[in-house]
Amino acid sequence: MCGIVGMVGADVKIGEVLDALKKLEYRGYDSAGIAYLSAHNTLNYHKKKGRIDELLDLMQETLKEKTQVAIAHTRWATHGEPNDVNAHPHIDCTNKIAVVHNGIIENYSDLRERLIARGHVFVSETDTEVIAHLIEDNYRGDLLEAVRRSIVQLDGAYAVGVIHADEPRRIVVARKGSPLVIGKNERVSMLASDVTPLLSYTRNVIFLEDGELAVLEKGRYRIFDLQGNDVVKTTVHIDWKEADAEKGGYKHYMLKEIMEEPEALRKALADRIKEDRVYFEELEKFKKTLREVNRIMVVACGTSYHAGLVFKYFVEWLSDLDVEVDVASEFRYRNLHVNERTLILAISQSGETADTLQGVRLAKRKEGKVIAVCNVVGSTLTRESDAAVYIRSGPEIGVAATKTYTSQLAVLYLLGLYIISERYGWNKEFGELIYQMRNMPEVIEGTLAHSNQLREVATRYKDYLHFMYIGRGMSVPTAMEGALKLKEISYINATAYQAGELKHGPIALLDEQFPVFAIIPRDRLFYKTKSNVIEAVARNAPVISLATERDEEVGEFSKDVIYVPKVNDLLYPLVMAPYIQLFAYHVSDLKGLDPDKPRNLAKSVTVE
Ligand code: M6R
């Protein structure tokens, strides 16, 4: 979704601000813009539909120019089509105030009418433009006060950065509902939608909360609440390295991030397995709650939802605990039977997904106990949950979740064992699972070495228009994740079904033009899945099978077989994940698409 950055300080180059903005490209956008003050404190701005590179081309002459203050934006269109006029920053009638905004202003129509009645002239179709005019209307020589008076009139979500030509050494920022992080070094103070642009400047950051404003000046900031009181906050240290968020010689971030999976797994598992037992230091104070809850509900979206499904199958198989999993956008509108004995597991890579956050808020109002399973330290989800378990994947820039999915799975397996053993004691059977989990980074390392085979298979299938992924039991989430990966980065119509459901309708679709991707490990459901695959073969569907190594039987009915190492039945979702990711990656790349920036998608979905 939209990304905002801002810099105030000494000798800030325009190109430097746009470099910082580029670090937010991965969030997804369709236009970009920048506003800054010139040496004579006049407001300049440039906006362009398309990529930041197009804006850079337009601004070649200006990139080396220096300024004291600038704000910039990548827009993911909500109100009004992507074009130069609707792109941010938005400017007031006096040409002195510029605003960048991430979020949605729900009452913008009313505000717009009122402001037009007061003589303001609007040029765009966006909701954001009302903020610029509202601040203009409230401005009496103090930008902080004008922003404060304005934001209390806004309904909806916002992270805003505002500059004023008459106050050339400051940026005022405010947050409600959309992420906003600030940081500083001696030369500059900065704001951004997430930490990635800040990493070149500082690792110590502050995450603003809803209802907070801040004034940023060279090398310092002050934070206030809506009543104007000072707010004292602790900085959060981010241990991600700048290089983690770079391509490091790979053609795409997505490929790099898949290849990073063994290392990410090592970090996810580190210090959580001790003497063949599972240990979560961050949940020590939560143990009593884990024993007392009588119900587990998982709330998540997209890939994180699929990880939640694996958790459900796993925990239900090893215990008599029931686990319910819901996509957050549905969860939040159900008549939820949540109470103080319900454990909510909120899974989110970014920790900023609006639907998941709203689900958590709702569950907390009903006194549910919330554990966040998250990648981003200090994100909104982790701050609002009762406890946070980090998956420690490092920054994931590709829009498609890859290494964060495998790390989520690893952490969720351990978390499942932790919860079960807290309640029912340790079971000897868990020892074997722990042993295999320990070895998982090496196992995955070995599988990634066969990435070329996946490219060969992808070459044969890249031109099909449809795909059906099928599996049973724990392979259902793998099928769903495989279909999601393929559709989101290659735009092929890929659906996923429980293999047993084929005959209840979807089999009608199958013919020689409709390949089936079968998730068919040699587990206890193998023969059930095999029957369904054979039914697909009988309809001439070409079949790719993802199967257990040396399982020659699968070769008898599949056109192509991709083998994975043999593991415990419950761990196949983890060992198979890199293969479905690589297949989708290679199809996308072979089709000449950009898997890192799929059309219409955003990395972090901060609107409903
Ligand atoms: O940050 P989150 O895990 O909450 O994000 C949830 C989904 O938006 C995300 O998994 C999305 O489906 C990805 N594009 C999947 O590759």
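Scoring rules and cut-offs
- Residues numbered from 1 in each chain as written.
- Predicted model: local features only at pLDDT ≥ 70, side-chain atom pairs only at ≥ 80, totals over all residues.
- Heavy atoms only, no water.
- Pairing = 2+ DSSP bridges.
- Helix = DSSP H or I, 4+ residues; strand = E, 2+ residues; numbered from the N terminus.
- Axes fitted to C-alpha atoms, helices over the stretch in contact; angles between N-to-C directions.
- Contact = heavy atoms within 4.5 Å.
- Domains from an automatic or database assignment.
- Buried area = accessible area lost by both parts, 1.4 Å probe.
- Salt bridge = Lys/Arg side-chain N within 4 Å of Asp/Glu carboxyl O.
- Polar contact = N/O pair within 3.5 Å; in protein donor to acceptor, adjacent residues only side chain to side chain.
- Nonpolar A, V, L, I, M, F, W, Y, C, P; charged D, E, K, R; others polar.
- Core = buried A, V, L, I, M, F, W, Y, C linked by side-chain atoms within 4.5 Å.
- Buried < 20%, exposed > 50% of the residue type's maximum accessible area, 1.4 Å probe, protein only.

Asks: Please clarify how the sheet that holds strand β18 (residues 323-327) should be interpreted in this entry.
Replies: Where strands meet in a sheet, backbone hydrogen bonds hold them as pairs that are either parallel or antiparallel. With parallel pairing, the five strands of this open sheet are ordered in space as β18-β17-β19-β20-β21. Bordering the open sheet on either side are β18 and β21 (387-390), each of which pairs with just one other strand. Pairwise comparison of adjacent strand axes, ignoring direction, gives a mean angle of 20° for this sheet. Direction of pairing for strand β19 (residues 342-348) relative to strand β20 (residues 369-374): parallel, over a ladder of six bridges. Across the sheet, L345 pairs through a bridge with I371, a residue of β20. Packed onto the sheet, helix α11 (residues 354-365) meets β17 (295-300), β19 and β20 and runs at close to 165° relative to β19. Helix-sheet contacts for helix α13 (residues 403-424) involve β17, β19, β20 and β21, and the interaxial angle to β19 is about 165°.

Asks: How do you make sense of the sheet that holds strand β25 (residues 543-548) when you look at a structure like this?
Replies: Reading across from one edge, β23-β22-β24-β25-β26 is the order of the five strands in this open sheet, with parallel pairing throughout. Looking along the sheet, the strands with just one partner apiece sit at the ends: β23 (493-498) and β26 (560-564). The sheet shows a mean angle of 20° between the axes of neighbouring strands, taken without regard to direction. Against the sheet, helix α16 (residues 475-490) makes contact with β22 (466-471), β23 and β24 (516-520), and its axis sits at roughly 160° relative to β22, the strand it touches most.

Asks: Is there a simple way to think about the domain arrangement of the protein chain in this case?
Replies: Reports often express the size of an interface as the amount of accessible area lost when the parts come together. The domain boundaries assigned to the protein chain delineate domain 1 (3-245), domain 2 (256-445) and domain 3 (450-590). Placing a centre on the C-alpha atoms of domain 2 and another on those of domain 3 gives a separation of 26 Å. Each side of the interface is counted separately: domain 2 has 28 residues, and domain 3 has 25 residues. Contact with domain 3 buries surface across domain 2, with I258, H306 and Y313 losing the most and accounting together for 22% of the total. The tally of links from domain 2 across to domain 3 stands at zero salt bridges. Connecting domain 2 to domain 3 are seven residue pairs in polar contact (both at pLDDT 80 or more). For the side of domain 2 that touches domain 3, the elements supplying multiple residues, two or more each, are α6 (253-259), α7 (261-269), α9 (302-318), α13 and α14 (429-448). No other element matches the 10 residues that α9 contributes to the side of domain 2 that touches domain 3. Residue composition of the side of domain 2 that touches domain 3, grouped by class: 20 nonpolar, six polar and two charged.

Asks: Quick question: what am I supposed to make of the nonpolar core here?
Replies: What tends to happen in soluble globular proteins is that the nonpolar side chains get buried as a cluster. Of all hydrophobic cores here, the largest spans 90 residues; its most connected members are F467, F517 and F583. The residues that make up this core include at least three from each of domain 2 (256-445) and domain 3 (450-590). In this structure, F583 is in contact with L454, V457, A458, Y461, F467, Y469, L486, F517 and I544, ignoring residues within four places of it in sequence. Y36, A70, V188 and Y201 belong to the second largest nonpolar core, which has 33 residues in total.

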